[in-house]
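# Observations on the model geometry
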Amino acid sequence: MQSTITPTLNKYCNDLYKYSRYVTREVKIGDVAMGANNPIRIQSMTTTDTMDTIGTVEQSIRIFEAGGEYVRITAPSKKEAENLAEIKKELKNRGYDIPLIADIHFTPNAAEIAARIVEKVRVNPGNYADKKKFQTIEYSDVQYQEEIDRIRKRFSPLVKICKTEGTAMRIGTNHGSLSDRIMSRYGDTPIGMVESALEFVRICEDLNYYNIVLSMKASNPQVMIQAYRLLMHQMAEENMNYPIHLGVTEAGDGVDGRVKSAMGIGALLEDGIGDTVRVSLTEAPEAECPVAIDIADRYKGRENHQEIKKTVVSMFNPFAYNKRKTNAVSKIGKDQVPVVVADFSKVNLETPESLKSVGYDYSEELDKWNISDQAIDFIFLEEPKLNFEIPGTLQIITPYKTWKDLEIKDTSIFPLYDKESFLWKVTKSDTLNFVSISTDELDEEFLNEINHEKSVVLLLRSDNKHWMADIRNSFFRLKKANIDFPIILEKDFSNLSEKESMLFSATDFGSLLIDGYGDGIFMKSSMDAAAMNETVFSILQSSRTRISKTEYISCPSCGRTLFDLEETTAHIRSKTNHLKGVKIGIMGCIVNGPGEMADADYGYVGSGIGKITLYRGQTVVKKNIPSENAVNELIEIIREDGKWVDLKPQ
Ligand code: SF4
């Protein structure tokens, strides 16, 4: 394997400290231009059969009414590509002039037809005139160049049509569907993803065609973020500035789908990257638009944030995961998973039942706590007075003033100081002391004072509108001062709706965790304890920093889908959601599904009407079995691998 891309600088955005959108070139897509100073555009994709003209038109209208500015429609073969003309005509008849995008995989013929009808075509360089058979092939440089020349021949007619017709093109790489050629040379890496797209861009530029949009999707937000950053870096190196389409592919549904999307998309928008957003949920496409709008609208007016006093650190590597090195203080920091702190100061803690929503289920009959994989680690209480004994794994944080007056210093209760009280050299816990501190207070004097402490964990907060960048800058400052205390990320979302709290916490905490910053989360919000717990553990799971449940990589469905994805995903989830750490791909079609589910351990893939093919990794285990038995057969395969766990009777 080799790489032609070797990022020499960590430059991938305008500024790590001052928000501004990276200005790309303007690309015309019908009457709705993208890039440059245009707003961040919202889009979605239909799930109907493209031959169902009325169904597709009506769904496109629903997407538009929900805020979608472009509608993507799959064109798997020539006949669907031709039917795009009927769809367009019917939309016009109904008074809708929505720019349409044809989604192409494998079929240059369909692309060449669609490019004459719709405003934009999307091609996947992993399978457009290239192949994906999971083969490793050794290419000499000459052979590799011959392959590129072959692709050039096959791809150039489409570029010429787009140029003549004024049609835009998205060159959209997917982590899961890199071609055998790219995989053989670059591996399954962000570099491979970037190079896959840029090979196609270079062909376009040779033909003087520049109406291009680029994307680098993956279902793992960490891979996706690194690939987009690398793309930005490489575009700058090659004097390119194409608009960027952001998306986390196969994100799934419900809270997990939203958290994953807000994390991947939001982390890039935070740094000013992104010109259009598509949130892929295994739900009705019109449900995607409000989520995308919430994520994107957050950056309106962001440039007016309070100044961040920057600390320049050249050792931040945005292209690879590097966990910040910390010392371990009790169960926090070093190689331990990030901890979760919940604010219980307003929760009535009369009975053990009050801890059920945060992972602790007390059985009176057995006098025993059942502790789930999503059990929190600390609760914050103003007064640590409880009528029952808490489980051994749960500990309490309480204000120093309360803690110091406790008659017996219970080993499960720890003090929380503010900066001043900590510096007064007051009594401290021998094992664990929390200091709540804002980024403004993190000055040299404080850092010098506490540098010798061995039992400190900081709860780091900020009031800056550009919160993530301000907190990230504080990590740079700590690094410069050689301070290695564990840090818990603290943010209060109480003034936001439940929906916004979920999305924005995923962006804020997730962006930092994905770069290796943070040893815990302390989230405050108006959500109830159960919803907040679900959100926080979903953030940890999506950032792959603390795995506590099964992961589902389910495609959003499209006109190729061979079964009801929403219903099937819910069914599979109901049977398997206790299998911690197991990744299950649920894909609507055999054409793209196996490639798209990339790093899933098992795959459930539609391979015909009423037929399912099951995979172990990328290997077919059961082919074309009736869908009625498929979930049970999937469970059997998981059982054979020793990964199945029987549920305990309640
Ligand atoms: S995997 Fe799903 S979204 Fe992708 S092409 Fe197949 S059915 Fe459509």
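None of these values were measured; they are calculated from a predicted model. Within each chain, residues carry numbers counting from 1 in the order of the written sequence. Two thresholds apply to this predicted model, a pLDDT of at least 70 for residue-level local features and 80 or more for giving and counting side-chain atom pairs, whereas whole-chain, interface and lining totals are computed over all residues.

## With respect to the sheet that holds strand β20 (residues 583-587)
Spelled out, the test is: A pair of strands is treated as paired once DSSP finds two or more bridges between them. Labels follow the DSSP assignment, with helices taken as runs of H or I lasting at least four residues and strands as runs of E lasting at least two, numbered in each case from the N terminus. Only the contacting stretch of a helix is used when fitting its axis, a line to C-alpha atoms as for every element, and angles between N-to-C directions run 0 to 180 degrees.
Strand order in the open sheet formed by 5 strands is β19-β20-β21-β22-β23, with mixed pairing between adjacent strands. Strands at the two margins of the open sheet, each flanked by one partner only, are β19 (551-554) and β23 (619-626). On average, each strand axis in the sheet is inclined to that of its neighbour by 20°, with strand direction left out of account. Pairing analysis gives 4 bridges linking β20 to strand β21 (residues 602-608), with the strands arranged parallel.

## Some points on the domain arrangement of the chain
By convention, interface size is frequently given as the accessible area that disappears when the constituent parts associate. Going by this rule: Those domain boundaries reflect an automatic or database domain assignment. Throughout, a pair of residues is in contact if the C-beta atoms placed from their backbones lie within 7 Å. Only Asp, Glu, Lys and Arg are considered charged, only Ala, Val, Leu, Ile, Met, Phe, Trp, Tyr, Cys and Pro nonpolar, and every remaining residue, Gly among them, polar.
In terms of domain boundaries, the chain breaks down into domain 1 (41-304), domain 2 (339-542) and domain 3 (551-640). Summarising the inter-unit geometry, the C-alpha centres of domain 1 and domain 3 are found 24 Å apart. With 29 residues of domain 1 at the contact, the number on the domain 3 side is 21 residues. In terms of residue class, the side of domain 1 that touches domain 3 is made up of 6 nonpolar, 16 polar and 7 charged.

## Side note on helix α13 (residues 467-480)
To be explicit about the condition: A helix is expected to reach a length of 1.5 Å times the quantity of its residues less one. Between the buried cut of 20 or more and the exposed cut of 12 or fewer other C-beta atoms within 10 Å of a residue's own C-beta lies the partly exposed class, and all C-beta atoms are placed from the backbone.
Here α13 contains 14 residues, and its C-alpha end-to-end distance of 20 Å stays within 8% of the 20 Å for a straight helix at 1.5 Å per residue. Most of α13 is tucked away: 10 of the 14 residues are buried. Those residues of α13 lying buried are Trp467, Met468, Ala469, Asp470, Ile471, Arg472, Asn473, Ser474, Phe475 and Leu478. Each element contacted by the buried residues of α13 is listed here: α8 (254-270), β16 (456-461), β17 (487-492) and α14 (498-514). Trailing α13 by a residue or two, Asn482 shows a phi angle of about 55°, which is positive.

## Observations regarding the sheet that holds strand β18 (residues 520-524)
If you trace the 8 strands once around the closed barrel, you get β9-β12-β13-β14-β15-β16-β17-β18, paired in parallel fashion. The average undirected angle you get between the axes of adjacent strands in this sheet is 25°. In this sheet, strand β15 (residues 433-438) lies alongside strand β14 (residues 413-417) in parallel orientation, the contact comprising 2 bridges. Bridge assignment links Tyr417 to a residue of β15, and that residue is Val435. On the sheet, α14 packs against β17 and β18 and is oriented at approximately 165° with respect to β17.

## Re the environment of Asp470
Mapped onto the secondary structure, Asp470 falls in helix α13. By C-beta crowding, Asp470 is classed as buried, having 23 other C-beta atoms within 10 Å. Taking the C-alpha atoms as reference points, Asp470 and Ala115, separated by 355 residues in sequence, lie 45 Å from one another. Aside from chain neighbours lying at most four places away, what touches Asp470 is Ile308, Thr439, Ser462 and Asn464.

## Some words on helix α2 (residues 78-93)
Helix length check: α2 (16 residues) gives 24 Å between terminal C-alpha atoms against 22 Å at 1.5 Å per residue, within 8%. Inspection of α2 places Glu80, Ala81, Asn83, Leu84, Ile87, Lys88 and Leu91 among the buried residues, and these make up the whole buried set. On its buried face, α2 is in contact with α1 (53-65), β2 (70-74), β3 (100-104) and α3 (108-114). Downstream of α2 by a residue or two, Gly95 has a phi angle that is positive, lying close to 90°.

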